[in-house]
Amino acid sequence: MDCFQSVSRVKGSLCQQLLLFIFWLSSFQDVATLQTLHDPSHISSTSELANPPSTALFEPIEISPAVIPRYSYPDESSPPIYPSFPSTYEPNLTGRCPVNFSAMLNIIGKRASDCSPPLAALVGNVICCPQLGSLLHIFQGYYSVDSDKLVLQNAVADDCFSDIISILASRGANSTIPTICSVKSSNLTGGACPVKDVNTFEKTVNTSKLLEACSTVDPLKECCRQVCQPAIMEAALQISGTQMMLNDNKNVVGGTNHIDAISDCKGVVYSYLSRKLSPDVANTAFRILSACKVNKVCPLEFNQPSEVIKECRNVAAPSPSCCSSLNTYIAGIQNQMLITNKQAIVCAMMFGSILRKGGVLTNVYELCDVDLKDFSIQEYGQGCLLRSLPADVIFDNSTGYSFTCDLTDNIGAPW
């Protein structure tokens, strides 16, 4: 399923309008005139009160390939749906995280733009959360450069995680992204993985093979003919196996503790890759891997469609009551989030399977003109599907935020 090809692709002006509208709703203020610090590359490591804020501001949010848009005619008012951006301010840091965040401001700023409220909740599964996960991996690698550790100690992890979230929020990110993305400070500690230092890692893992597999990840092939993913898993199994060698308890194999250790060890492998690769190369690789993962599953929640099954069970021709109940049900799930074209295929197949098990044997998608885009958020009566490849927010100088949509009409044959 993850290798499904979308039927057709077109530029999604509707997506652009939808995203612009979302940003317009999030703020009714004009784009603030940003002031920079005397030393914009510096962030104080001491605890300071956050003053959102008119004086101590960060440099403008950078969104590749440009910075904040400037309206062509400064003497005239902005267009009614032109996005305005939240003011940035100096965050309230703990002062206990031994990292110079100034060197990471550009990286953090781009992640903040992909997690802006209310965008984070709508595209968290595809855009914000994968970017946040990548940031945490890159931070681990950055932290470990000057030491032999690949992870952080628990107390330090708490402080650093708090600082990362504070900086993201100060640069426009949704402050609730830890909850939205189900991440916490323990993601930086290596958890139950027994190998947490560079020397042991390099003695245990064939690092040349790992780096060769993951230095250049093919966005078109990786999800179908995996190269980097099995290399990461092999390395995780090798370093998690160290614990088994230290343990005489043979019941560890296959147990919950060992499963947790493998998962935590994958995080350690990501940290090692972040240490060896440049931030841009590492982020590209991690985003492609996350795309492979998220496109395999449907992120939507389906309640039991009892009414749809009741109205559609015995229909063989277009039925107003069947289509009405089906459209009402689908309208209820359209408000959940924007999804990719491949996720929409999985969702359509999953919902079709639920209906079949309930006794609906007729292809009601075809009967009631239901398309793949109907499973995603609607705007002006039309649906929008994100691309299956990493769909980060793309910045356009002339229009503000935008991203390309795939409007894939055909569901295929779920029946």
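In this convention, every chain numbers its residues from 1, walking through the sequence in written order. Per-residue local features are limited, in this predicted model, to residues with pLDDT of at least 70; the limit for side-chain atom pairs, both in listing and counting, is 80 or more; totals at the level of whole chains, interfaces and linings are taken over all residues. To obtain the side-chain values, all non-hydrogen atoms of the structure were used and water was disregarded.

### Some words on the overall build of the chain
Moving on, step 1. Secondary structure elements are taken from DSSP: a helix is a run of H or I of four residues or more, a strand is a run of E of two residues or more, and numbering for both begins at the N terminus. Secondary structure assignment for the chain yields 14 helices and four strands.
Moving on, step 2. Every residue pair with non-hydrogen atoms within 4.5 Å of one another is taken to be in contact. Put simply, of all contacts in the chain between residues at least 6 apart along the chain, 81% involve residues at least 24 apart.
Moving on, step 3. Accessible surface, the chain: about 19,600 Å² in total, of which carbon and sulfur atoms supply 51%. Per-residue and other accessible areas were derived by the Shrake-Rupley procedure at a 1.4 Å probe size, with only the shown protein chains allowed to occlude residues.

### Side note on empty space enclosed by the protein
Moving on, step 1. Points on a 1 Å grid over protein atoms alone make up a cavity when a 1.4 Å probe fits among them but cannot get out, and a pocket when they form an open set with protein on both sides within 12 Å along at least five of seven lines; lining residues each have an atom within 4 Å of a point. Grid points are joined across faces, edges and corners, and a volume is the space filled by probe spheres set on the points. Under the criterion given, the structure shown has four cavities of 30 Å³ or more.
Moving on, step 2. In this structure, the largest cavity spans a volume of roughly 60 Å³.
Moving on, step 3. Lining the largest cavity, in full, are Val205, Asn206, Lys209, Leu210, Ala231, Glu234, Ala235 and Gln238.
Moving on, step 4. At the level of elements, helix 7 (207-214) and helix 8 (228-246) are the ones that each hand at least two residues to the lining of the largest cavity.
Moving on, step 5. A total of four residues in the lining of the largest cavity trace back to one element, the largest contributor, which is helix 8.
Moving on, step 6. The residue classification treats Ala, Val, Leu, Ile, Met, Phe, Trp, Tyr, Cys and Pro as nonpolar and Asp, Glu, Lys and Arg as charged. All others, Gly included, are polar. Looking at the lining of the largest cavity residue by residue, the classes come out as four nonpolar, two polar and two charged.

### Some points on the pattern of salt bridges
Moving on, step 1. Every case where a carboxyl oxygen of Asp or Glu lies within 4 Å of a side-chain nitrogen of Lys or Arg is listed as a salt bridge. In this structure the tally under the stated criterion is four salt bridges.
Moving on, step 2. One salt bridge in this structure joins Asp159 and Arg96, with 3.2 Å as the shortest N-O distance. Of the two residues, Asp159 sits in helix 4 (residues 154-170) while Arg96 sits in the loop between helix 1 (13-26) and helix 2 (105-113), which places them 63 residues apart along the sequence.
Moving on, step 3. Glu202 is paired through a salt bridge with Lys276; the nearest N and O atoms lie 3.9 Å apart. Taken together, the positions of Glu202 in helix 6 (residues 198-204) and Lys276 in helix 9 (residues 256-276) put the pair 74 residues apart, joining distant regions of the chain.

### Points about the side chain of Asp374
Moving on, step 1. Structurally, the position occupied by Asp374 is in the loop between helix 14 (364-367) and strand 1 (378-379).
Moving on, step 2. Note on exposure labels: buried denotes an accessible area under 20% of the residue type's maximum, exposed denotes more than 50%, and partly exposed covers the range between, all computed with a 1.4 Å probe on protein chains only. Positive residues here are Lys and Arg, negative ones are Asp and Glu, while His and the chain termini are left out of the count. We note that Asp374 is buried and unpaired, the nearest opposite charge coming from Lys373 at a distance of 5.9 Å.
Moving on, step 3. One polar contact links the side chain of Asp374 to the main-chain amide nitrogen of Asp371, over a distance of 2.6 Å.
Moving on, step 4. Setting aside residues up to four positions removed in sequence, Asp374 forms contacts with Ile330, Gln334 and Asp369. Side-chain atoms alone can form a polar contact between residues adjacent in sequence; in general such a contact is a pair of N or O atoms within 3.5 Å, and within protein one must be able to donate a hydrogen while the other accepts it.

### Focus on the packing of aromatic side chains
Moving on, step 1. Aromatic contacts are taken between Phe, Tyr and Trp rings whose centres are within 6.5 Å, Trp giving its six-membered ring; a plane angle under 30 degrees counts as stacked, one over 60 as edge-to-face, and the others as tilted. Evaluated as defined, the whole model comprises six aromatic pairs.
Moving on, step 2. Centroid distance Tyr365 to Phe375: 6.0 Å. Interplanar angle 85°. Geometry classified as edge-to-face. Remark: Phe375 occurs in the loop between helix 14 and strand 1 and Tyr365 occurs in helix 14; sequence separation between them is 10 residues. Take Tyr365 and Phe375: they sit in the same class, and that class is buried.

### Remarks on the environment of Lys209
Moving on, step 1. Inspection of the secondary structure assignment puts Lys209 in helix 7.
Moving on, step 2. Measuring from C-alpha to C-alpha, the distance between Lys209 and Ala235 comes to 9.6 Å, with 26 residues separating the pair along the chain.
Moving on, step 3. A distance of 3.0 Å separates a polar atom in the side chain of Lys209 from a polar atom in the side chain of Glu234.

### Things to note about the layout of surface pockets
Moving on, step 1. Estimated volume of the largest pocket: approximately 1,200 Å³.
Moving on, step 2. In terms of lining residues, the largest pocket is bounded by 35 residues, among which Gly133, His137, Tyr270, Ser290 and Lys293 are the most central.
Moving on, step 3. Taken together, the elements giving at least two residues each to the lining of the largest pocket come down to helix 3 (119-144), helix 8, helix 9 and helix 10 (279-294).
Moving on, step 4. Top contributing element to the lining of the largest pocket by residue count: helix 3, with eight residues.
Moving on, step 5. Taken together, the residues of the lining of the largest pocket sort by class into 14 nonpolar, 15 polar and six charged.

### Quick notes on helix 12 (residues 320-333)
Moving on, step 1. Take the number of residues in a helix, subtract one, and multiply by 1.5 Å to get its expected span. Taking 1.5 Å of rise per residue, 14 residues should cover 20 Å, and helix 12 covers 20 Å from first to last C-alpha, within 8% of that figure.
Moving on, step 2. Taken together, the buried positions of helix 12 are occupied by Cys322, Cys323, Ser325, Leu326, Tyr329, Ile330 and Ile333. For helix 12, the angular spread of buried residues about the axis comes to 165°, placing them on one side. Turned more than 90 degrees away from the buried face of helix 12, the exposed residues are Pro320 and Thr328. Here, the arc refers to the directions that run from the helix axis to the C-beta atoms.

### Focus: the confidence of the model for the chain
Moving on, step 1. One confidence number per residue, pLDDT, is output by the predictor and ranges from 0 to 100. Confidence in the prediction for the chain averages 78 pLDDT; 69% of positions are at 70 or higher.
Moving on, step 2. Ranking the helices and strands of the chain by mean pLDDT puts helix 7 first, with 97, and strand 3 (residues 394-396) last, with 45.
Moving on, step 3. Taken together, the stretch residues 1-12 has pLDDT below 50 and engages in 29 contacts with residues farther than four places along the chain or on a different chain.
Moving on, step 4. Note that pLDDT drops below 50 for residues 23-84; the model gives that stretch 121 contacts with residues more than four away or on any other chain.

### Examining unusual backbone geometry
Leave glycine aside and you will find that most residues have negative phi; peptide bonds, for their part, are mostly trans.
Moving on, step 1. Positive phi values are uncommon outside glycine, yet Ser182 reaches one of about 55°.
Moving on, step 2. Residue position: Ser182 is located in the loop between helix 5 (177-181) and helix 6.
Moving on, step 3. Even without being a glycine, Asp369 presents a positive backbone phi close to 55°.
Moving on, step 4. Structurally, the position occupied by Asp369 is in the loop between helix 14 and strand 1.

### Structural notes on helix 13 (residues 341-357)
Moving on, step 1. For helix 13, which comprises 17 residues, the first-to-last C-alpha distance of 25 Å matches the rise-based estimate of 24 Å (1.5 Å per residue) to within 8%.
Moving on, step 2. Considered for burial, the residues of helix 13 that qualify are Asn341, Lys342, Gln343, Ala344, Ile345, Val346, Cys347, Ala348, Phe351, Gly352 and Leu355.
Moving on, step 3. One or two positions beyond helix 13, positive phi appears at Gly359, with a value near 105°.

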